[in-house]
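# Observations on the model geometry
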Amino acid sequence: GDLSKIDLPSFANLLIIQEFSKNPDAYNLSTFLYRKNGKWYCSSWDYNLAYDNYIFTEPTVDFYKNILLTIGSLSQGWVLSHNGGMRNWYTNLLKQKAFNDVLGDQWTKLVALNPQKILLSTIASLNKNAVETDCVIWNGTDDLTIVQYATQVLQKFVTARLEWMDKNIHTLEK
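Residues numbered from 1 in each chain as written. Predicted model: local features only at pLDDT ≥ 70, side-chain atom pairs only at ≥ 80, totals over all residues. Heavy atoms only, no water.

### Concerning the side chain of Arg-161
Our working definition: Secondary structure elements follow DSSP: runs of H or I no shorter than four residues count as helices, runs of E no shorter than two count as strands, and numbering proceeds from the N terminus. Note on exposure labels: buried denotes an accessible area under 20% of the residue type's maximum, exposed denotes more than 50%, and partly exposed covers the range between, all computed with a 1.4 Å probe on protein chains only. In what follows, residue pairs with any heavy atoms lying within 4.5 Å of each other are defined as contacts.
Looking at the element boundaries, Arg-161 is found in helix 6 (residues 144–168). Residue Arg-161 is classed as buried on the basis of its relative accessible area, which comes to 0%. Setting aside anything within four residues of it in sequence, one finds Arg-161 in contact with Glu-19, Phe-20, Lys-22, Ser-75, Gln-76, Gly-77 and Trp-78.

Given below as structure tokens:
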């Protein structure tokens with residue numbers, strides 16, 4: 001197909017962030033397309049269910065302990081493998097050598113930045129600040145045990161997901 005009308009790096013970056021976050025709304029509900037200088041670009045938003053954040057119940061320490069036991073399997077697989085929405089666009093894009101080359105370049109650039117180290121320290125800092133703010137606003141007691149487990153789950157997910165994607169990014173081309 002004709003790839004001259006789309007900005008390949010923005011489409012590659014969207015694929016990377018949606019897959020990294022395992023966003024179930026990826027490629028469909030949480031994609032914003034816009035046109036600039038005759039080319040189509042995309043970006044995303046809405047990560048409330050990302051990072052396997054399917055918590056529709058009151059989280060407890062036991063809840064997080066159970067998640068920690070299965071984090072390896074939760075971090076595997078491609079969101080793109082589900083049907084519907086823009087997934088068909090990406091299936092077609094992944095058949096194009098030019099797109100795969102850009103995707104590989106974007107992934108290499110990302111990995112060179114050492115995102116794992118940056119994300120892990122940011123997660124710990126944000127969670128600590130969130131608990132402190134929550135206590136001030138609600139005059140509540142902070143259950144640091146739950147927050148520590150939630151932080152640990154997210155950190156382990158980030159680590160396992162980056163490792164899995166790095167080993168499997170080439171399989172998207174097939």
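### Re a nonpolar patch on the surface
Using the following cut-off: To count toward a patch, a residue needs a relative accessible area above 30% and no salt bridge. Like charges then connect within 9 Å, nonpolar side chains (Val, Leu, Ile, Met, Phe, Trp, Tyr) within 5 Å. For every accessible area listed, the method is Shrake-Rupley and the probe measures 1.4 Å; residues are considered covered only by the protein chains on display. The term salt bridge refers to a side-chain nitrogen of Lys or Arg lying within 4 Å of a carboxyl oxygen of Asp or Glu.
Residues Phe-32, Tyr-34 and Trp-45 make up a contiguous nonpolar surface patch of roughly 300 Å² in combined accessible area. Along the chain, Phe-32 falls in strand 1 (residues 31–36). For Phe-32, a relative accessible area of 41% gives the class partly exposed.

### As for the pairing of strand 2 (residues 39–44)
Spelled out, the test is: Only strands that DSSP links by at least two bridges are regarded as paired with each other.
Note that strand 1 and strand 2 share six bridges and pair antiparallel. The partner of Tyr-34 across the bridge, within strand 2, is Tyr-41. Counted between consecutive antiparallel strands, the loop separating strand 1 from strand 2 contains two residues, among which Asn-37 sits at a positive phi close to 50 degrees.

### Comments concerning the packing of aromatic side chains
Test applied: Classification of ring pairs uses Phe, Tyr and Trp, with its six-membered ring standing for Trp, and accepts pairs whose centres are within 6.5 Å; under 30 degrees between planes counts as stacked, over 60 as edge-to-face, and the remaining range as tilted. Charge-over-ring contacts are defined here by two conditions on Lys NZ or Arg CZ: a distance within 6 Å of the ring centre and an angle within 35 degrees of the ring normal.
Summed over the entire model, instances satisfying the criterion amount to five aromatic pairs. Relative to Tyr-90, the ring of Phe-11 has its centre 6.1 Å away and its plane inclined at 40 degrees; by these criteria the two rings are tilted. Of the two residues, Phe-11 is situated in helix 1 (residues 8–21) and Tyr-90 in helix 3 (residues 87–93); the sequence distance between them amounts to 79 residues. According to the relative accessible area criterion, Phe-11 is buried, its value standing at 2%. With a centroid separation of 6.2 Å and 65 degrees between ring planes, the pair formed by Tyr-90 and Phe-99 is classed as edge-to-face. On the basis of relative accessible area, Tyr-90 is assigned to the buried category, the value being 0%. Judged by its relative accessible area of 0%, Phe-99 falls in the buried class. Taken together, the aromatic side chains of Phe-11, Tyr-90 and Phe-99 make up a single cluster linked through ring pairs. Here the basic side chain of Lys-36 rests over the ring of Tyr-41, its NZ or CZ set 5.8 Å away from the ring centre.

### Observations concerning the pattern of salt bridges
Taken as a whole and assessed by the stated rule, the structure comprises two salt bridges. Glu-19 serves as the salt-bridge partner of Arg-161, at 3.5 Å between the closest nitrogen and oxygen. In this pair, Arg-161 is assigned in helix 6 and Glu-19 in helix 1, connecting sequence segments 142 residues apart. Residue Asp-101 is joined to Lys-97 by a salt bridge in which the shortest nitrogen-to-oxygen separation is 2.8 Å. On the criterion of helical spacing, the pair formed by Asp-101 and Lys-97 is a turn pair, its members being four residues apart in helix 4 (residues 97–112). Given a relative accessible area of 37%, Asp-101 falls into the partly exposed group.

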